[in-house]
Amino acid sequence: MEKRENFGTRLGFILVSAGCAVGLGNVWKFPYICGQNGGAAFILLYLACLAVLGLPILICEYAVGRASRHSVAKAFSDLEPEHTNWHRFGWFGIAGNYLLMMFYTMVAGWMINYALRMLTGRLSGMETEQIAEQFTNMLASPTEMMLFMVIAVLLSFGVCSLGLQNGVERITKIMMLLLICLMIVLAVHSLMLPNMKEGLAFYLVPDVSKFSEIGFGNVLFAAMSHAFFTLSVGMGSMEIFGSYLDKSRSLTGEALSVLGLDTFVALMAGIIIIPACFAYGVQPDSGPPLLFITLPNVFNHMAGGQIWGTAFFIFMSFAALSTVIAVFENILSMTMETFNWNRKKAVRYNIVGVIILSIPAVLGYNVLSGIQPIGAGSTIMDLEDFLVSYNILPLGSLLFVLFCTKKNGWGWDNFLQEADTGEGIKFPAFIRHYVHYGVPALIAVIYLKGYYDMFSKYGTATLVFWMCVAVAFLALIFSFTTSKRKR
């Protein structure tokens, strides 16, 4: 196996880690959730939840990576005490990374497709119904979907094939810096649109009446859930970058930098999208309809709309591809360590493997649309997203935190020593009991609430069954972290 690489610069580590965290959910979900739940008042809650929940989990992942110098495939084996079972989580993390890429590569292909559509003027002059028909036709075409999925896979693995410093770090730095510049330009343009004040007020003016209208508990849970999911923690996607990091800087300071950049992108996305929607009298719905139907319609009614639309979808392509590249780097590292392959061999095998694994999500919108695995109207992508977002991320995060705090795991003292090594902000040791008990409890609540929200619409019997499944998985995780192998 090739000698392990390191990041060339601190900025490279921050931008690559932020590129992994900055996903499409930051752009199409955060702005609307924020506006729905009280604007600036929600943002304050969200930032608090990032600090008390997202940050400790992120530092745990970085610490496990930097201490072990391995991907999640071998990190636990390297750090766990003898005769314990933590190493089995490696397979859990491997599965999570592949599952995520089974549908995320397809969505990244959508972004590239629409960037080209805007650039070539294929959507110019269309009304809402025609734009909606274009999106429907794209989903109905397995050939078109497959082509752009393969383009996303080849571009991303092409970057990873160049190595950590020459490929992943260098190109992701360029992409992220361009992404930030594009965001600033688009945000300034959005603030110059007519009637933009109404949208900006919806997004940023504190509206505490929403707390009583929706219920403070629901608003708090929305903030907590998004703070948890936005950082992509739980399956080793961040752990791998910790393994490439030197020990010159403390992990708390580095994690704060990544968290700050991720939050900046989410906030700026709202400034780009919400005022533009309000300026042209359209509802800023969340999800694919916002990106592929609502916003192209907005650009069509805007002076210079083709230019602004092209810039927006290039920005979205960068956001998607930065995540794909980061996860592909994790997948490559895991396969290189597991099978003792060099990077080029790992790239060759994984290009074929990821393309094959991505086919069901593509076909789930057309040829296999009759398969509705988690209820009427659902797709194969919905099932894959459910497995990752509602299971692997929360349960994986729970395992990372327990591993770093339990005596039969790596342990608090080892975690704290690793987190505090180097210059910079030190991890607050006095919150030991909170990290040990409070963070796992919050993760469990998010996990169970996710199942409740997913299955409550299908009736009591279905809900009870799936809640029992969720409780069983939690019990399995806790028993798994306390059991020992036979000598």
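See the structure printed just above.
Residues numbered from 1 in each chain as written. Predicted model: local features only at pLDDT ≥ 70, side-chain atom pairs only at ≥ 80, totals over all residues. Heavy atoms only, no water.

Colleague: So, the overall build of the protein: which residues are in play, and what are the values?
Modeller: Looking only at helices and strands, the protein features 21 helices and zero strands. By the compact-globule yardstick of 23 Å for 487 residues, the protein fits well, its C-alpha radius of gyration being 22 Å. Its C-alpha atoms put the protein at 70 × 55 × 50 Å along the principal axes. Within the protein, the fraction of its 487 residues that count as buried is 58%. Within the protein, counting contacts between residues at least 6 apart in sequence, those at least 24 apart form 81% of the total. For the protein, the computed accessible surface area is about 18,700 Å², with 65% contributed by carbon and sulfur atoms. (Helix = DSSP H or I, 4+ residues; strand = E, 2+ residues; numbered from the N terminus. Rg over C-alpha atoms; globule rule 2.2 N^0.38 Å. Buried < 20%, exposed > 50% of the residue type's maximum accessible area, 1.4 Å probe, protein only. Contact = heavy atoms within 4.5 Å. Areas by Shrake-Rupley, 256 points an atom, 1.4 Å probe, with all protein chains shown as cover.)

Colleague: Outline unusual backbone geometry, supporting the account with residue identities and numerical values.
Modeller: With phi around 60°, R69 is a residue other than glycine that occupies positive phi space. In this fold, R69 is placed in the loop between α4 (40-68) and α5 (72-79). R69 gets classed as partly exposed once you look at its relative accessible area, which sits at 27%.

Colleague: Describe the layout of surface pockets, listing the residues and the values that go with them.
Modeller: Over the atoms, a rolled probe matching the size of one water molecule traces out where space is still vacant. The computed volume of the largest pocket comes to approximately 1,600 Å³. Forming the walls of the largest pocket are 47 residues, and the residues nearest its centre are W28, K29, D385, S389 and Y390. Contributing elements (two or more residues each) for the lining of the largest pocket: α2 (24-28), α3 (30-36), α6 (89-120), α7 (128-140), α12 (216-229), α18 (380-405) and α20 (432-455). Among the elements that line the lining of the largest pocket, the one with the most residues is α18, at seven residues. Size it by volume and the second largest pocket reaches roughly 280 Å³. In terms of lining, the second largest pocket is formed by 17 residues, of which the most central are F92, L395, F473, L476 and I477. (1 Å grid on protein atoms, 1.4 Å probe; cavity = no way out; pocket = protein on both sides within 12 Å on 5 of 7 lines; lining within 4 Å. Points joined across faces, edges and corners; volume = space filled by probe spheres on them.)

Colleague: I'd like a rundown of the nonpolar core, residues and numbers included.
Modeller: Soluble globular proteins tend to bury their nonpolar side chains together. Within the largest apolar cluster, 182 residues are counted, with the highest numbers of intra-cluster contacts made by F241, F312 and F415. Not counting chain neighbours up to four residues away, the residues in contact with F241 comprise F7, F13, V16, S17, C20, A326 and E329. (Core = buried A, V, L, I, M, F, W, Y, C linked by side-chain atoms within 4.5 Å.)

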